[in-house]
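Remarks on the overall topology
The lines below spell out each chain.
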Amino acid sequence: MFRATLKSLLARKVRLVLSGLAVVLGVMFVSGAFVLTDTLGRSFDQIFADAYAEVDVNVAAKPKLALTEMEGEQIQAPFPAATLEKVRAVPGVGEAVGTVDADGAVLIGSNGKAVTSFGPPQLGGNWLGESELVQLREGREPRADNEIVINKALATAGKVGVGDRVGVLTLAPRQDFTIVGVFGYSGDRDSIGGANEVRFTTPAAQRLMLGEPDVFNSIVVTAASGVSDESLRDTVAAALGDDYVVKTGEQLSADAAAGLKEGLAFFNRILLGFAAVALLVGTFLILNTFSIIVAQRTRELALLRAVGASGRQIIGSVVLEAIAIGLIASLLGLAAGIGIGALLAYLFTNLAGGMALAGLGVPASAVIGAFAVGLVITVVAALLPALRAARIPPIAAMQDVATPDRPLTKVTVAGAVVTALGGILLFLGLDGHAGGNTLTAILGGVLFAFVGVALLTPLISRPVVAALGAVFSGWTPGKLGRLNSGRNPRRTAITAAALMVGIALVTGITVVLDSTKSSISGLAEDSVNAELMISGVQSGPRMPTFDPAVLDEVKAVPGVRLVDGQYADLASFGGERYWVGAVSEPAALRQIYGATPTAGDIDRLAANQVLISSDVAEQRGLSVGSTVPVQFARGDEQTYTVSGIYQSSPLFGPVMLPAEASRNFSNPKPFQAFIQLEPGTRVADVQPRVEALLTDSPEVSVGDRQAFIDQQTAPLDTLLQMIQILLALAIVIAVLGIVNTLALSVLERTRELGLLRAIGLRRSQTMGMITVEAVVISVFGALLGVAVGTGLGAAVVEALRDEGITKLVLPWGQMGVFLGLAALIGVVAAVLPAIRAARINVLGAIAHD
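Description of the structure in this document. Just so it is clear, the model here is predicted, and its values are computed rather than measured.

Attention now goes to helix α22 (residues 812–838). Over its 27 residues, α22 runs 38 Å from end to end, which matches the ideal 39 Å to within 8%, given 1.5 Å per residue. At Val831, α22 is deflected by roughly 45°, the largest bend along its length, and proline Pro833 occurs up to four residues later in sequence. For α22, the complete set of buried residues consists of Met815, Phe818, Ala822, Ile825, Gly826, Ala829, Ala830, Pro833, Ala834, Ala837 and Ala838.

Right, let's get into the packing of aromatic side chains. Summed over all chains, the structure comprises 11 aromatic pairs. The structure contains a cluster of three or more aromatic residues connected by ring pairs, namely Tyr593, Tyr646, Phe652, Phe674 and Phe708.

With that settled, the discussion passes to the pattern of salt bridges. All told, the structure shown has 19 salt bridges when counted by the stated rule. Here Glu85 ties to Arg88 by a salt bridge, and the two come within 2.9 Å at their closest N and O atoms. One end of the pair, Glu85, and the other, Arg88, are both in helix α3 (residues 82–88), 3 residues apart, so they sit about a helical turn from each other. Owing to a relative accessible area of 41%, Arg88 belongs among the partly exposed residues under this scheme. Among the ionic pairs, Asp255 bridges to Lys247, the shortest N-O distance being 2.5 Å. Asp255 gets classed as partly exposed once you look at its relative accessible area, which sits at 38%. Judged by relative accessible area, Lys247 falls into the partly exposed class, the value being 25%. Through salt bridges with shared partners, one network takes in Asp101, Glu197 and Arg199.

Quick look at the packing of helix α14 (residues 489–527) against α22 now. Closest axis-to-axis distance for the α14/α22 pair is 11 Å, and the angle between their directions is 160°. The orientation of α14 with respect to α22, classified from their angle, is roughly antiparallel. Taken as a pair, α14 and α22 cross one another with a handedness that is right-handed. For the pair α14 and α22, contact is made by Leu499, Ile503, Val506, Thr507, Thr510 and Asp514 and by Gln814, Met815, Phe818 and Ile825, respectively.

Our next topic: the sheet that holds strand β14 (residues 244–248). Read from one edge to the other, the open sheet built from 4 strands follows the order β3-β13-β1-β14, with strand pairing classed as antiparallel. Either end of the sheet is taken by a strand with one partner, and the two such strands are β3 (93–99) and β14. Each neighbouring strand pair of the sheet contributes to a mean axis angle of 20°, computed without reference to strand direction. Bridging between strand β1 (residues 57–61) and strand β13 (residues 218–223) involves 3 bridges; their strand directions are antiparallel. In the strand pairing of β13, Val57 is matched with Val221. With respect to the sheet, helix α6 (residues 229–240) is in contact with β1, β3, β13 and β14, its orientation differing from that of β14 by roughly 175°.

Okay, the environment of Arg620 next. Take Arg620: it is sitting in helix α17 (residues 614–620). Separated by 44 residues in the primary sequence, Arg620 and Glu576 have C-alpha atoms spaced 9.7 Å apart. Beyond its immediate sequence surroundings of up to four residues, Arg620 is in contact with Phe573, Gly574, Gly575, Glu576 and Tyr578. Within polar-contact distance, the side chain of Arg620 engages the side chain of Glu576 at 2.9 Å.

To continue, consider empty space enclosed by the protein. For the coordinates displayed, the defined rule picks out 4 cavities of 30 Å³ or more. Reported here for the largest cavity is a volume of approximately 80 Å³. In terms of lining residues, the largest cavity is bounded by 12 residues, among which Asn484, Asn488, Arg491, Ser745 and Glu773 are the most central. Elements with a contribution of two residues or more to the lining of the largest cavity: α13 (476–486), α14, α19 (705–748) and α21 (763–799). With 3 residues, α19 is the largest single contributor of residues to the lining of the largest cavity. A per-class count over the lining of the largest cavity returns 1 nonpolar, 6 polar and 5 charged. Roughly 50 Å³ of internal volume is contained in the second largest cavity. Every residue lining the second largest cavity is counted, 12 residues in all, and those nearest its centre are Leu285, Asn288, Thr495, Gly737 and Thr741. Broken down by secondary-structure element, the contributors of at least two residues to the lining of the second largest cavity are α7 (249–296), α14 and α19. Per element, the largest residue contribution to the lining of the second largest cavity is 5 residues, and it comes from α7.

Conventions we followed
- Just so you know, the residues in each chain are numbered from 1, in the order the chain's sequence is written.
- pLDDT decides what is reported in this predicted model: residues at 70 or higher carry local features, side-chain atom pairs at 80 or more are listed and counted, and totals for whole chains, interfaces and linings draw on all residues regardless.
- Each side-chain value is worked out from all heavy atoms of the structure, with water and hydrogens disregarded.
- The helix and strand labels rest on DSSP assignments: H or I over at least four residues marks a helix, E over at least two residues marks a strand, and numbering proceeds from the N terminus.
- The span expected for a helix works out to 1.5 Å for each residue beyond the first.
- One axis fitted to the seven residues ending at a residue, another fitted to the seven starting there: the angle between these axes is the bend at that residue.
- Under the scheme applied here, a residue whose accessible area is under 20% of the maximum for its type counts as buried, over 50% as exposed, and between as partly exposed, the area being computed with a 1.4 Å probe on protein chains only.
- By convention, a stacked pair of Phe, Tyr or Trp rings (six-membered ring in the case of Trp) has centres within 6.5 Å and planes under 30 degrees apart, an edge-to-face pair has planes over 60 apart, and any other such pair is tilted.
- When a carboxyl oxygen of Asp or Glu lies within 4 Å of a side-chain nitrogen of Lys or Arg, that pair is called a salt bridge.
- Note on definitions: angles span 0 to 180 degrees between N-to-C directions of axes, and those axes are lines fitted to C-alpha atoms, for helices only across the stretch in contact.
- Roughly parallel means an angle under 35 degrees; roughly antiparallel means over 145; roughly perpendicular covers 65 to 115; every other angle is labelled oblique.
- Handedness of a helix crossing follows the sense of rotation of the near helix relative to the far helix, less than a right angle counterclockwise being left-handed and clockwise being right-handed.
- Whether two residues are in contact is decided by their heavy atoms, any of which lying within 4.5 Å being enough.
- Here, any two strands with at least 2 DSSP bridges between them count as paired.
- Two N or O atoms form a polar contact when they lie within 3.5 Å of each other; inside protein one atom must be a possible hydrogen donor and the other a possible acceptor, and for residues adjacent in sequence the pair counts only when both atoms belong to side chains.
- Points on a 1 Å grid over protein atoms alone make up a cavity when a 1.4 Å probe fits among them but cannot get out, and a pocket when they form an open set with protein on both sides within 12 Å along at least five of seven lines; lining residues each have an atom within 4 Å of a point.
- Grid points are joined across faces, edges and corners, and a volume is the space filled by probe spheres set on the points.
- Any residue outside Ala, Val, Leu, Ile, Met, Phe, Trp, Tyr, Cys, Pro, Asp, Glu, Lys and Arg is labelled polar, Gly included; the first ten of those are nonpolar and the last four are charged.

Laid out in structure tokens, this is it:
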């Protein structure tokens, strides 16, 4: 039986290669994701090991607000310089140096624009001198407060060098400095981890990066001879008390790498999600391939039964073929995944400013995941055809190979049940009734919905395919192609369902993102009573900001009626995390943003007052006069009194504070502003004057309402393009499915094609018939995808109504493009099968059994 299975596998190697290729692509995503995250994870380990190589023990104050890597940047609280002397007096301390090191030093390059970073920090701190790790390559150390040294990576990015006068943005507005030195790192490295670094004198660093003089945010301690790092850590911690966090350099390195790995794990899950989509599509392809092969081998399998093979042996034979395909596909997919992981890691490090990449590694998770996924997918997909093969009676050996259609009752009922389960899970997830399992419920609902629709598809395939094929019915090959595509509803349905998955996801995401863009545009146009906006595009972990003095200068511009600057940060509000905002002009809540007061006065804010939304008031049981403790990223906890409550709106945050509160935000500068003009004032008269005021704030620009809308929605377009690229893999697999189905169908209909050729069907007409069949199946799958995707997208939009996504937008133009592309996909997929059908030897085909 084993030899018979092996011969059968080798006889169908071309057909099975196409099925295996689907698994290869899916496994490639899985193994590539693990290789990428492992390589980057080890790279981060090395980066932080280098960064803290000269640190025995580090002292830092406990953060005012502890944040995870996903929540944002952790602000290290400053502490008095007197702490440094206290540490120096601890027994076992050989040397202690106070350091200033914080993200947020943005250099303005030679082109007058801010040097941006797409991930790595832009560090500012005090120059500590040269060491084994840090070496000056040009110039000297900074000696005056208007002098700086920068690392080589930043000098290259900004196209600046020693002697140049440059602007630097920090917690303070732009200040100009002279570059007196350029430094690098051991090993001829221009940076560590792609970070851009600006180093000031200690007084300048304290003032600009920490916001106050005579403070540090860490102390680097070197142990005296014979003292272990762990022992020194414990001694220093005991001397300083609970207000400080004392760690060894090894602990710091591990903690810093772990924080970044948390973000990598999230990215890994995204890649695995796209892999799951590809594998789902591949499952349809393999299921269809094995179903067709079993149907074609009816007589062969029946003969095996007749000579003594048991049903269990037949199942084993089909499953063994699946295992062989799975093993080969897993091996190839693993190899491709290693290559893809290496390529993505290379691209990531270049995007991150040339971060040093650790050696490529293949973790056990990549190998185990590749073979586990490859084998499970192929075996599960082949199981149903195997069970069907086992039920073939020996008498079938004396019958025709063709197999009659089976009733669709069972599969239709199963499809209805599975679709209903998917709908229930989606409802629970989107409506917030899934508890802590929201994401699981949504993903499970989508999976069940796809499988359920695939099971229901045979019921509608014949009438829908007939309707689509009617377009070609005036042409004899077109009529034949239409009939062929509808002759086996199950086969057509599975082939179309494979294409449906990718197009449904793209359509659904497009519906959600287009609806989001339209809702944002609607809010800006209908609710924001301002003609000009100051804002920027965020390209890294920090929001672009501008000098708050600009707000007062804009107010003085003729024709300006009202200006409101907005600040934002994460804070602990009454013990819970909220994104809080601060406004420079409280009256703007009503006059610019159209806020509706529900209690108290929302037009004024004293320094110790706060305005809250009606949702926060209800959730927290607050009313006008209530007091709430608030802890910001900087400073001590403060108590605010609720002075007004406004109707909740997606246009502004749930908590609004006076501008004075922004002093304790992680970035105390405004990130955007709205400018209302006097009636009759032209935008063109005011905008150039505001632009002139923003010369020293190159991270932002001023634009009218439409420019602001375009700027805010541009990231959604980028996101959609990225998703479409990743989902293109699922569509490629679906195309392979169509090619495979047609190729097997041509082989199955060899005699029929020969007879058609014998009675006068020309080669070109034969190719046209196969092409029409492919186009009809492709367009049918695209129609299913558009319909299912629209439904899923509409459900998500409805669930997000309370979040401000109030407009449902159906992308008719893109839907039309999807259908057009589906027709093109059908034409491309039909090329090889059509050529093969046209080359059939007529006499040999007629004699084919």
